[in-house]
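Each chain, letter by letter, is given below.
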Amino acid sequence: YGPQKVEATVAYVNDDSGTTSSDESGGLDEQWSSGEAINFSLYGPGGIGTGDAGRKWQIADTTKRKISRLIPGGLTVPDSQYNVNGTSYMQRQINGPTLQVTFDDVTWWTATGIKWDSKTGIVETPFAMYQYDPTGSPSNPYKLPTNVRFYYGYYSDPLSVRKPASGYEGTAYTVAGMEVEGKEYDEMLAVGYEKGTPVTTSARTAQYEKLAQQKLDVYKDIIYTGGCTIEGIDLDFLALQKRINFAGVDGDGSTITTGWEAINAILTDVEYDYENSLTTLTFSSDAAQYLQQSTDALRELLKIRALQIIQILESNLNAAGGNLSWESLIRYLIVDPTTQQQVGEF
């Protein structure tokens with residue numbers, strides 16, 4: 001299994017009339033009562049009995065409350081603070097949790113300085129979000145948002161691979177009845193980018209299914225160790241590139257079951273006695289001793305590369321026609337930690 005993965009999502013208080021989706025409401029809960037909302041409309045922020053009106057919400061889905069500080073790859077979200085006749089002409093690139101509010105279900109305003117609690121899923125602003133309208137509503141001039149949406153990434157269940165997908169395999173189980181499950185954490189069992197190319201969940205799990213099978217094959221069978229002597233000089237065993245299995249017959253030549261017909265023991269040594277015309281074989285089916293490879297080596301064989309993501313804040317000062325402008329850009333570079341060379345960017 002790997003580290004928890006981060007998935008991007010958006011939660012609303014109410015359904016967004018500006019989208020075609022109709023299942024958006026209820027993802028974000030207001031953390032104030034109807035009475036506190038009425039008091040706020042009368043007395044405004046800081047008024048008696050207003051509580052946290054206009055400044056605190058909670059993610060409704062308890063499985064999505066572990067908020068990530070960063071959203072992998074970022075998100076481009078609509079920001080209609082600047083619009084013409086209700087049509088947005090601006091989008092905002094975000095890399096972390098972002099809260100937006102609207103007072104007319106058309107124009108969305110982005111809150112600044114928000115804080116969040118990754119245990120409780122509480123999101124709050126440093127001050128109440130409201131509009132003051134003494135002309136339209138002189139008796140209750142303080143208007144709370146009609147809707148709120150929260151863009152963020154959350155930690156979901158980690159990717160995991162099991163071989164076999166269920167149950168057990170190998171003679172240790174089928175013959176000896178052993179049920180042993182080994183678990184190994186690998187931070188590379190995650191999705192992201194390699195050399196600037198997205199690594200999908202299916203691609204990564206396919207690689208690790210091969211890795212898991214390789215590790216399982218080493219341990220799943222009963223270990224048979226020993227030796228045998230056969231008549232004659234058999235040079236077929238000289239290169240040691242053989243697997244040893246045993247079939248048997250009784251005194252009448254009828255087949256008998258040995259249990260060693262498919263042990264696939266590794267031939268580790270061969271000795272020739274030319275004087276007595278004998279060939280002696282030494283074998284072991286302990287694959288862990290001869291075939292086991294480290295997880296790092298298997299990752300290399302399966303082309304699973306360990307890369308680092310480095311965040312760089314790049315600032316530029318531009319001068320044109322007597323005007324100065326300053327812009328900042330966050331760049332994400334993908335670096336091979338072995339060579340310290342950049343291999344991609346997103």
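Let me begin by describing the structure that accompanies this report. Remember, predicted model here, so these are calculated numbers, not experimental data.

## Remarks on the sheet that holds strand β11 (residues 122-124)
No. 1: On the basis of which strands lie adjacent, the open sheet formed by four strands has the order β2-β3-β11-β10 and antiparallel pairing. Each edge of the open sheet carries a strand with a single partner, namely β2 (28-30) and β10 (115-116).
No. 2: In this sheet, β11 lies alongside strand β3 (residues 56-59) in antiparallel orientation, the contact comprising three bridges. Bridged to Lys56 within β11 is Glu124.

## Remarks on the pairing of β3
No. 1: Of the two faces of β3, the one lined by Lys56 and Gln58 and the one lined by Trp57 and Ile59 are each fully buried.
No. 2: Pairing analysis gives three bridges linking β2 to β3, with the strands arranged antiparallel. By the bridge assignment, Leu28 is partnered in β3 with Ile59.

## A word on the packing of aromatic side chains
No. 1: Counting across every chain of the model gives 13 aromatic pairs.
No. 2: Residues Trp260 and Phe283 carry aromatic rings whose centres are separated by 6.1 Å and whose planes lie at 85° to one another, so their mutual orientation is edge-to-face. With Trp260 in the loop between β20 (255-256) and β21 (265-273) and Phe283 in strand β22 (residues 278-284), this residue pair connects regions lying 23 residues apart in the sequence.
No. 3: Residue classification places Trp260 among the partly exposed positions, given a relative accessible area of 27%.
No. 4: Judged by relative accessible area, Phe283 falls into the buried class, the value being 2%.
No. 5: Connected via pairs of aromatic rings, a cluster forms that spans Phe40, Tyr130, Tyr132 and Tyr142.
No. 6: Cation over ring: Arg162 sits above Tyr168, and NZ or CZ is 5.5 Å from the ring centre.

## Concerning helix α3 (residues 201-219)
No. 1: Between its first and last C-alpha, α3 extends 27 Å over 19 residues, near the 27 Å set by a 1.5 Å rise per residue.
No. 2: Of all the positions in α3, only Arg204, Thr205, Gln207, Tyr208, Leu211, Ala212, Leu216 and Val218 are classed as buried.

## With respect to the sheet that holds strand β9 (residues 108-110)
No. 1: With antiparallel pairing, four strands are arranged side by side in an open sheet as β1-β14-β8-β9. Both outer strands of the open sheet, β1 (5-12) and β9, are each paired with one neighbouring strand and no more. Strand-to-strand twist in this sheet, taken as the mean axis angle between neighbours without regard to direction, amounts to 25°.
No. 2: Where strand β8 (residues 98-102) and β9 come together, three bridges link them in antiparallel fashion. Within β9, the position partnered with Gln100 by the bridge is Thr110.

## With respect to the pattern of salt bridges
No. 1: Summed over all chains, the structure comprises seven salt bridges.
No. 2: Glu181 is paired through a salt bridge with Arg162; the nearest N and O atoms lie 3.3 Å apart. Residue Glu181 is located in the loop between α2 (171-174) and β15 (192-194), and its partner Arg162 is located in the loop between β14 (147-156) and α2; the two are separated by 19 residues in the primary sequence.
No. 3: The exposure class assigned to Glu181 is partly exposed, which follows from its relative accessible area of 45%.
No. 4: Owing to a relative accessible area of 28%, Arg162 belongs among the partly exposed residues under this scheme.
No. 5: Several salt bridges share partner residues, and in doing so they unite Asp52, Arg55, Lys56 and Glu124 into one network.

## Some points on the environment of Ser68
No. 1: Summarising the element assignment, Ser68 is placed in the loop between β3 and β4 (75-78).
No. 2: With 29 residues separating them along the chain, Ser68 and Pro97 place their C-alpha atoms 7.8 Å apart.

## A look at the side chain of Thr279
No. 1: Along the chain, Thr279 turns up in strand β22.
No. 2: Of note is the side chain of Thr279, whose polar atom sits 3.0 Å from the backbone nitrogen of Asp234.
No. 3: Ignoring sequence-local partners within four residues, the contact set of Thr279 consists of Cys228, Thr229, Ile230, Gly232, Ile233, Asp234, Val270, Glu271 and Tyr272.

Rules behind the numbers
- Residues numbered from 1 in each chain as written.
- Predicted model: local features only at pLDDT ≥ 70, side-chain atom pairs only at ≥ 80, totals over all residues.
- Heavy atoms only, no water.
- Pairing = 2+ DSSP bridges.
- Helix = DSSP H or I, 4+ residues; strand = E, 2+ residues; numbered from the N terminus.
- Buried < 20%, exposed > 50% of the residue type's maximum accessible area, 1.4 Å probe, protein only.
- Phe/Tyr/Trp six-rings, centres within 6.5 Å; stacked < 30°, edge-to-face > 60°.
- Lys NZ or Arg CZ within 6 Å of the ring centre and 35° of its normal.
- Expected span 1.5 Å × (residues − 1).
- Axes fitted to C-alpha atoms, helices over the stretch in contact; angles between N-to-C directions.
- Salt bridge = Lys/Arg side-chain N within 4 Å of Asp/Glu carboxyl O.
- Polar contact = N/O pair within 3.5 Å; in protein donor to acceptor, adjacent residues only side chain to side chain.
- Contact = heavy atoms within 4.5 Å.

Geometric descriptors of this kind do not, in isolation, establish any biological role.
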